Amino acid sequence: MPTKTYPERLRRAGVLEAFFHARSKLGVDNCVVVAAKYESNTVRVLDKSTLFAAIQEVINENPVLAARLTERGRNGTTCDPVWVRLPSLDLNHIVSFLDVDSSDLESLLAQEFTRPFELDVDSPLWRVTVLTDGTILYTHEHSMGDGQSGLAFHLSLLSALDKLPEAASHSGEVAIPDVPLRPALEDAMPVSAPVSKIFKEVNQAINPFAARKRNAIWTGNPVGKTYKRGVNIRIIRLSAEETASLLQLCRRNGATLTGALYALIIHIIAQELYAGPDPKGKFNSVVMFVPISLRPHTSAPPTAICNYVSYYQDVYPLPAASRANKHSYPSPDRFPWKSAASFSATLKREAPKAPAAIGVMKALIGSRENYSLGLLGKKRETTVEISNLGAAKPVQLTLDGSATPKWTIPEAVFAQADSTTGAAFKFNVVGAPAGGLGISVTCGLDAVDEEFAEKCIDAFAEGLKALASHKDEAIISSAL
């Protein structure tokens, strides 16, 4: 009888990787999706053979694309999750070509979150969907990479497409790269937490005063008693010109884009609560959650697929609401820039402390499964998540060394779900290499009442467009 070969073990899963893997086993919609539209300035079409050849180069740079997680040891017993190399990989089974364009991209993104990956078979934790207008959806399991990793895939693919010769071909059978994985986050940088921070987290969890204070925090509907899939998605786009104008406004007022989005969102929520479900002001605050990339602390390039992320989270008071306001969003000439600048400064101040949050997570979460199950049937922990991947800066070098790339990405959109226990509203932001901005707003089907959610998102879209098209006197005079 032939000896059964055990898959090549690469390394143990890191803290974040194991955490997301455990959630996926429970049925959490852990996927991250980044959709990008590819255009070429040549007559070349993005055919299957060309795309496969480019993806091979992306896999060569990111061997985690040819790996999976397992909890089965060599002797058949259960072990902590480890990364093992896949014995083979066929792109014909991973890449799908749909006979539709991106006109209904919101529905296509929503469908991605209803398609869980198989976790205990020899198949990868990612997939690609290609549409007729050159839009490519890249979806991966959160255990494999963070939000930046979705953008990294596209930047790497864009670079590979420009380097390919005209006659590039590929059958779909991947040559598995025999190289090690990038280290887990805790091995790539220090993430230990001071004892004082761990004590603070424990005290907040058991302090009865903190529990009473939570009753005045609006976080949407309570979490359901079981994990289930399904999100509502809205996509909002700004042109390169609108994006440039908005960013200039932010800079002139000492704020970042994330800070401006915070000020806009929190104003809208306060107004809509006052006008609808909370006219007497029972709720006075919300919980903000902002992922913070830890890549600057490591050697990971922009094209790396990895889980190098932490977060900032805190409670913020709702601004005063009034029925006298014409819209639930602030008018551009009275935009709360002081609030935007303050939130921006807080994020800048707290960013260096973000690695310690992973240390707290490692110290306090004994059972990953029990932690995730313990969130069910409780008050939702977070109101708003703003996940900003930043502006995509292509890492391109053409084969002939020319300055003009053959391929560009004029549009990009980023989306994530965690519909059952995640934030009531998730604002997912990414800047396309061509200069435009794509924002998806995702809400779990039961996280927020549908009518309230639609009013908030409509106001956000209108308010963002109004702000992006606003020309204040300082900007006009500086342009003269």
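The rules behind the values
Residues numbered from 1 in each chain as written. Predicted model: local features only at pLDDT ≥ 70, side-chain atom pairs only at ≥ 80, totals over all residues. Heavy atoms only, no water. Pairing = 2+ DSSP bridges. Helix = DSSP H or I, 4+ residues; strand = E, 2+ residues; numbered from the N terminus. Axes fitted to C-alpha atoms, helices over the stretch in contact; angles between N-to-C directions. Contact = heavy atoms within 4.5 Å. Parallel < 35°, antiparallel > 145°, perpendicular 65-115°, else oblique. Left-handed = near helix turned anticlockwise from the far one by under 90°. Nonpolar A, V, L, I, M, F, W, Y, C, P; charged D, E, K, R; others polar. Phe/Tyr/Trp six-rings, centres within 6.5 Å; stacked < 30°, edge-to-face > 60°. Buried < 20%, exposed > 50% of the residue type's maximum accessible area, 1.4 Å probe, protein only.

Student: How should I be thinking about the sheet that holds strand E2 (residues 31-40) in this particular structure?
Tutor: Pairing between the strands of a sheet comes from backbone hydrogen bonds, and it takes one of two forms, parallel or antiparallel. One open sheet accounts for five strands, arranged E5-E6-E7-E2-E12; its pairing is mixed. Bordering the open sheet on either side are strand E5 (95-97) and strand E12 (407-416), each of which pairs with just one other strand. Each strand axis lies, on average, 20° off the axis of its neighbour in the sheet, ignoring direction. The pairing of E5 with strand E6 (residues 126-130) spans three bridges and is classified as parallel. Its bridge partner lying in E6, Phe-97 is registered against Val-130. In the packing of helix H4 (residues 147-163) onto the sheet, contacts are made with E2, E6, strand E7 (135-141) and E12, and the angle to E2 comes to roughly 25°.

Student: I tried to follow the packing of helix H9 (residues 257-275) against helix H13 (residues 450-468) on my own but got confused; where do I start?
Tutor: Two packed helices can be described by the angle between their axes and the distance between those axes. Where H9 contacts H13, the axes come no closer than 10 Å and their chain directions differ by 140°. Classified by the angle between their axes, H9 and H13 sit oblique to one another. In this structure, the crossing between H9 and H13 has a hand that is right-handed. Of H13, the residues touching H9 (which contributes Leu-261, Leu-264, Ile-265, Ile-268, Ile-269, Glu-272 and Leu-273) are Phe-452, Lys-455, Cys-456, Ala-459, Phe-460, Gly-463 and Leu-464. Of the residues that constitute the contact of H9 with H13, the class distribution is 11 nonpolar, one polar and two charged.

Student: Looking at this model, I keep getting lost on the packing of aromatic side chains. Mind explaining?
Tutor: The final tally for this structure, using the stated rule, is 14 aromatic pairs. Relative to Phe-153, the ring of Trp-126 has its centre 6.2 Å away and its plane inclined at 45°; by these criteria the two rings are tilted. Placement of Trp-126 in strand E6 and of Phe-153 in helix H4 is noted, with a sequence separation of 27 residues between them. For the pair shown, Trp-126 and Phe-153 are each scored as buried. Arranged with centres 6.4 Å apart and planes meeting at 35°, the rings of Trp-218 and Phe-425 form a pair that is tilted. One end of the pair, Trp-218, is in the loop between helix H7 (208-214) and strand E8 (231-238); the other, Phe-425, is in strand E13 (residues 425-431), and 207 residues separate them in sequence.

All quantities given are derived from atomic positions and should not be read as evidence of function.
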